[in-house]
Amino acid sequence: MVDLDDKIYIQQVLDGETSSFTHLVNKYKDMVFSVCFRILRQREDAEDVAQMAFLKAFNNLHAFKGDSKYSTWLYTIAYRTAISRTKLKKIDTVNEDFHIDIATDNSFPQLEELKSQEQRFYVQKAIEDLHEIDGVIITLFYIEECSIQEIIKITELSEANVKVKLHRARKQLKSNLEGLLQQELKSII
Amino acid sequence: MEEKKHILKKGGLEAGAGFTSKLMEQINAEETALSNVLSKHGAEQPSVDFTAQLMSQLEGKTPKVPYTPVISKRTWIGIAAAFIGVFILTMFSGGEASGRLNPETLQTVKDTVSGFFSNGSLFTYLILGALLLSLALFLDQGAYRKTES
């Protein structure tokens with residue numbers, strides 16, 4: 001179940017070669033950071049929590065039994081660390097509404113003519129417009145290509161809940177990114 | 001169902017051949033488009049020095065070895081169960097009718113307990129117990145250090 005490369009690097013780290021952990025960090029840092037960022041919505045916080053997640057993963061590497069993918073195990077740590085940070089944050093800022101509705105006017109322009117940088121901006125904006133957990137599920141499902149079962153393991157949500165959230169988020173994204181999707185469809189068909 | 005289909009066909013409302021496959025093709029294409037767009041633009045990246053910062057925190061460290069006691073919880077439960085079992089068997093063995101407490105055994109237990117508390121042997125047993133506990137802990141810690149090294 002564990003990727004062969006991952007298995008080799010994990011064993012090397014367990015044997016005392018700490019530098020081998022660099023390979024695992026480089027391989028998974030984008031997705032770990034993405035998961036944290038979807039929940040926390042602030043780069044500094046997300047980076048801090050992503051570092052914490054990697055530190056936890058390193059310290060508890062002996063506990064990784066290999067009955068799931070290393071990535072699933074790592075994303076579970078990242079997800080839970082980020083969720084606990086939001087809980088602390090909520091306690092700190094009781095009067096602030098945590099869910100920031102970024103796309104308040106819901107005005108996504110037709111994206112056909114936009115340059116790659118601008119397209120990226122609107123895709124990010126569309127994902128940020130989703131609920132935090134929906135954003136994580138969409139990221140894991142479409143970008144990391146995790147299965148529903150893996151998402152269930154990471155988020156500890158029920159299968160029905162994951163499916164409903166995925167359907168809802170997909171519908172919202174399709175509506176917000178209609179122009180860009182039409183362009184992509186033209187290139188597919 | 002067939003009747004409904006017949007009525008729709010008569011009224012010229014039947015879906016054309018390949019309707020389902022065309023619909024599914026459209027749905028799949030939409031899914032692929034969304035997947036492509038998100039893969040291209042959806043991932044976030046941490047700062048450039050993310051790995052360096054993290055690795056500097058891990059310098060000279062090794063993953064923590066989990067503490068595993070020599071005598072596991074299950075073994076302790078087994079020992080306790082065996083002890084209770086032997087105690088119960090001793091209490092009920094030798095009685096005239098099965099299931100009844102043997103008066104002689106009960107008397108012996110009473111004598112032992114009263115002796116335990118009367119002639120200062122409690123202190124001896126406490127010392128003995130503490131010694132055994134220390135020995136168990138020492139063995140446990142020794143094994144942990146061995147695993148860690």
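Just so you know, these numbers come straight off a predicted model, no measurement behind them.

Enquirer: I'd like a rundown of the overall build of chain A, residues and numbers included.
Expert: For chain A, the count of helices and strands is 9 helices and 0 strands. For chain A, the succession of helices and strands along the chain, N to C, is α-α-α-α-α-α-α-α-α. Among the 189 residues that make up chain A, the fraction classed as buried is 38%. Counted over contacts in chain A with a minimum sequence separation of 6, partners at least 24 positions apart contribute 65%.

Enquirer: Account for the interface of chain B and chain A, naming residues and giving values.
Expert: Between chain B and chain A, the contact holds 30 residues from the first and 42 residues from the second. Broken down by secondary-structure element, the contributors of at least two residues to the side of chain B that touches chain A are α2 (19-41) and α3 (50-57) of chain B. Per element, the largest residue contribution to the side of chain B that touches chain A is 11 residues, and it comes from α2 of chain B. Partitioned by chemical class, the residues of the side of chain B that touches chain A number 14 nonpolar, 12 polar and 4 charged.

Enquirer: Can you break down unusual backbone geometry residue by residue, with the values?
Expert: Residue and element names in this part refer to chain A. At Glu-145, a residue that is not glycine, the phi angle is positive and equals roughly 55°. Within the secondary structure, Glu-145 is located in the loop between α6 (132-143) and α7 (148-155). A count of 10 C-beta atoms within 10 Å places Glu-145 in the exposed class.

Enquirer: Tell me about the packing of α6 of chain A against helix α8 (residues 159-176) of chain A, and name the residues and values.
Expert: Residues and elements named next belong to chain A. At their nearest, the axes of α6 and α8 sit 9 Å apart, and the two run at 85° to each other. Compared by their axis directions, α6 and α8 come out roughly perpendicular. Contacts from Ile-133, Asp-134, Ile-137, Ile-138 and Phe-141 of α6 reach α8 at Val-162, Lys-165, Leu-166, Arg-168, Ala-169 and Leu-173. Within the contact of α6 with α8, the residues separate by chemical class into 8 nonpolar, no polar and 3 charged.

Enquirer: Can you tell me about the environment of Thr-62 of chain B, naming the residues and giving the values?
Expert: The topology assignment puts Thr-62 of chain B in the loop between α3 and α4 (73-92). Leaving out residues up to four positions away in the same chain, Thr-62 of chain B has contacts with Gly-16 and Thr-18 of chain A.

Enquirer: Describe the environment of Tyr-79 of chain A, listing the residues and the values that go with them.
Expert: All names here are of chain A. Locating Tyr-79 in the fold gives a position in helix α4 (residues 70-92). The spacing of Tyr-79 and Val-35 is 44 residues in sequence and 6.4 Å in space, taken between C-alpha atoms. Apart from residues lying up to four places away in sequence, Tyr-79 is in contact with Val-35, Val-136, Ile-154 and Thr-155.

Enquirer: Now, about α2 of chain B: what can you tell me, with residues and values included?
Expert: Across its 23 residues, α2 of chain B extends 33 Å between first and last C-alpha, which sits within 8% of the 33 Å expected from 1.5 Å per residue. Those residues of α2 of chain B not exposed but buried are Ala-33, Leu-34, Val-37, Leu-38 and His-41 of chain B.

Enquirer: Residue-level account of α8 of chain A, with values.
Expert: With 18 residues, α8 of chain A should reach 26 Å at 1.5 Å per residue; the first-to-last C-alpha distance of 26 Å fits that figure. Buried within α8 of chain A are the following residues: Val-162, Lys-165, Ala-169, Leu-173 and Asn-176 of chain A. Taken down its axis, α8 of chain A places every buried residue within 70° of arc, on the same side. In α8 of chain A, the exposed positions angled more than 90 degrees off the buried face are occupied by Glu-159, Ala-160, His-167, Lys-171 and Ser-175 of chain A. Looking at the packing, one finds that the buried side of α8 of chain A touches α5 (116-128), α6 and α7 of chain A together with α2 of chain B.

Enquirer: Account for the nonpolar core, with residues named and values stated.
Expert: Residue and element names in this part refer to chain A. Val-32, Val-35, Cys-36, Ala-50, Leu-74, Tyr-75 and Ala-78 are the most contacted members of the largest nonpolar core, which has 57 residues in total. It is helix α2 (residues 21-40) that contributes the most residues to this core, 12 residues altogether. With residues up to four places along the chain from it excluded, the contact list for Ala-78 reads Val-32, Val-35, Cys-36, Ala-50 and Ala-53.

Enquirer: I'd love a proper account of the packing of helix α3 (residues 43-59) of chain A against α3 of chain B, names of residues and values included.
Expert: Where α3 of chain A meets α3 of chain B, the axes come as close as 11 Å, and the angle between the chain directions of the two elements is 45°. Considering their axes alone, α3 of chain A and α3 of chain B lie oblique with respect to each other. In this structure, α3 of chain A meets α3 of chain B at a crossing whose hand is right-handed. Residues Glu-47, Gln-51, Phe-54 and Leu-55 of chain A of α3 of chain A pack against Phe-50, Gln-53, Leu-54 and Gln-57 of chain B of α3 of chain B. Here the residues of the contact of α3 of chain A with α3 of chain B are counted per class, giving 4 nonpolar, 3 polar and 1 charged.

About the cut-offs
Residues numbered from 1 in each chain as written. Chains lettered and ligands numbered in written order. Predicted model: local features only at pLDDT ≥ 70, side-chain atom pairs only at ≥ 80, totals over all residues. Helix = DSSP H or I, 4+ residues; strand = E, 2+ residues; numbered from the N terminus. Buried ≥ 20, exposed ≤ 12 C-beta atoms within 10 Å, placed from the backbone. Contact = placed C-beta atoms within 7 Å. Nonpolar A, V, L, I, M, F, W, Y, C, P; charged D, E, K, R; others polar. Axes fitted to C-alpha atoms, helices over the stretch in contact; angles between N-to-C directions. Parallel < 35°, antiparallel > 145°, perpendicular 65-115°, else oblique. Expected span 1.5 Å × (residues − 1). Arc of directions from axis to C-beta. Core = buried A, V, L, I, M, F, W, Y, C linked by C-beta atoms within 7 Å. Left-handed = near helix turned anticlockwise from the far one by under 90°.

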